Every structure is written in structure tokens, then in C-alpha cells.
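As a plain string of letters, each chain reads:
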Amino acid sequence: MIDQPNYITPAGYASLRAEYDALLGEERPRIVDVVSWAAGNGDRSENGDYIYGRKRLREIDRRLGWLSKRMKAAKVVDPAAQPDRSRVWFGATVTIADEDDHQRVLTLVGDDETDASAGRIGWNAPIARALRGAATGDVRRVTLPAGEREYEVIAITYDEVSNE
């Protein structure tokens, strides 16, 4: 997966950026102040504010490093600018139906912005890989943990306006 670009929508990138800025600009300085205050109180071995503050700083720094790497590797793709809207590509909202005619609406987004409960699936998820390049009416077979399923593409849409 390292060789593959980290595709992400403009809204997804903005979300990563907002989290990075909030951690770096607000939460980290606040925790540093708490740790500095706690360090001045004396014995650090039994000082809960100091111990938990240092632990939280490590968590924040780890998350900041991860966010930084993901943002550097990100390739922002605006679904509204997709040239071929007749097929399923990154950013498409696809209505599919299974063998039992149960319909689902899925949006193919970057792996960092998935939300299965909202129908936003990662670009590298098995069902998304199977749907890539499909046109309306195509039937695709997907191997899922529950077994093989066939899905028919009912409709394909792309957002007209960027979610920046």
C-alpha cells in the first residue's frame, strides 16, 4: 500500500488539517502548561497531573506524526472534477443492489475518511475495488468475509460542488 497514492477528498483533507491544527495549536499547549505546573509541585512519582499529562503529550505527539505523514502522502482529488461520470471512480456515490434486491448507497472516499454507518467506504475496500470502473447496469462479484456476493450498479452520481 505504500506505493499507492493516498487519495482523499478536499473535505477529508480539510478534516485531517483541522485535527492537526487543533492538536498542535490548542490541546498540546494546554497540556504542556498542566505538565509544567505539575512539575513545579514537587514529587513527580505520585503526581497524577504530571504522569497523565506526560502520557497525553506522547499520545498527541504520536497522532501529530501520523497526521503529518498522511497529509504529506495525500493526493487531493475533487469528485466534482471527475472527467468520466458514467463510470465509478474516486468520489462517486453509487447505488447498488444485491441478489435479494436490497439497495445500498455507497460513496467511495479516501481510506482516512471512511464512515461505514454513513455509507462512506474506503477506496481500497474490497467492494470499492470491485466497483471501480463499473457503469450503470454492470454486475460485479465481491468476495466479502461473509462470502461472495453479486451487486448490480443501479445509479452513479458525483457531487457537483466541492465539499471544501
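The preceding data block contains the structure.
Residues numbered from 1 in each chain as written. Predicted model: local features only at pLDDT ≥ 70, side-chain atom pairs only at ≥ 80, totals over all residues. Heavy atoms only, no water.

Chemist: Before we move on, can you summarise the nonpolar core with the specific residues and values?
Modeler: It is characteristic of soluble globular proteins that their nonpolar side chains tend to be buried jointly. In this structure, Val88, Val94, Ile96, Leu108, Ile127 and Leu131 are the most contacted members of the largest nonpolar core, which totals 20 residues. Elements with a contribution of two residues or more to this core: strand S3 (93-97), strand S4 (103-109), helix H3 (126-131) and strand S7 (147-157). The element best represented in this core is H3, accounting for four residues. Ile8, Tyr20, Val35 and Leu67 belong to the second-largest nonpolar core, a separate cluster that totals 14 residues. (Core = buried A, V, L, I, M, F, W, Y, C linked by side-chain atoms within 4.5 Å. Buried < 20%, exposed > 50% of the residue type's maximum accessible area, 1.4 Å probe, protein only. Helix = DSSP H or I, 4+ residues; strand = E, 2+ residues; numbered from the N terminus.)

Chemist: An account of the pairing of strand S6 (residues 139-144) is needed here, citing residue identities and associated values.
Modeler: Relative to S7, S6 is paired through six bridges, and the arrangement is antiparallel. When the sheet's bridge partners are listed, threonine 143 is paired in S7 with glutamate 148. Linking S6 to S7, which pair antiparallel, is a turn of two residues. (Pairing = 2+ DSSP bridges.)

Chemist: Please provide a residue-by-residue account of the pairing of S7, values included.
Modeler: With five bridges joining them, S3 and S7 adopt antiparallel strand pairing. Note on S7: the bridge partner recorded for isoleucine 96 is valine 153.

Chemist: Before we move on, could you go through the pattern of salt bridges and cite the residues and values that matter?
Modeler: As a working rule, side chains carrying opposite charge can pair if their charged atoms are close by. Using the criterion set out here, one finds 14 salt bridges in the structure. A salt bridge links aspartate 21 to arginine 17, with the nearest nitrogen and oxygen atoms 3.5 Å apart. Here aspartate 21 pairs with arginine 17, and both are found in helix H1 (residues 10-39), just four residues apart, close to one helical turn. Overall, the relative accessible area of 36% leaves arginine 17 in the partly exposed class. Two residues, glutamate 113 and arginine 120, come together in a salt bridge whose shortest N-O distance is 3.2 Å. Judged by its relative accessible area of 27%, arginine 120 is partly exposed. Linked through salt bridges whose partners overlap, the residues forming this network are Glu27, Lys55, Arg56 and Glu59. (Salt bridge = Lys/Arg side-chain N within 4 Å of Asp/Glu carboxyl O.)

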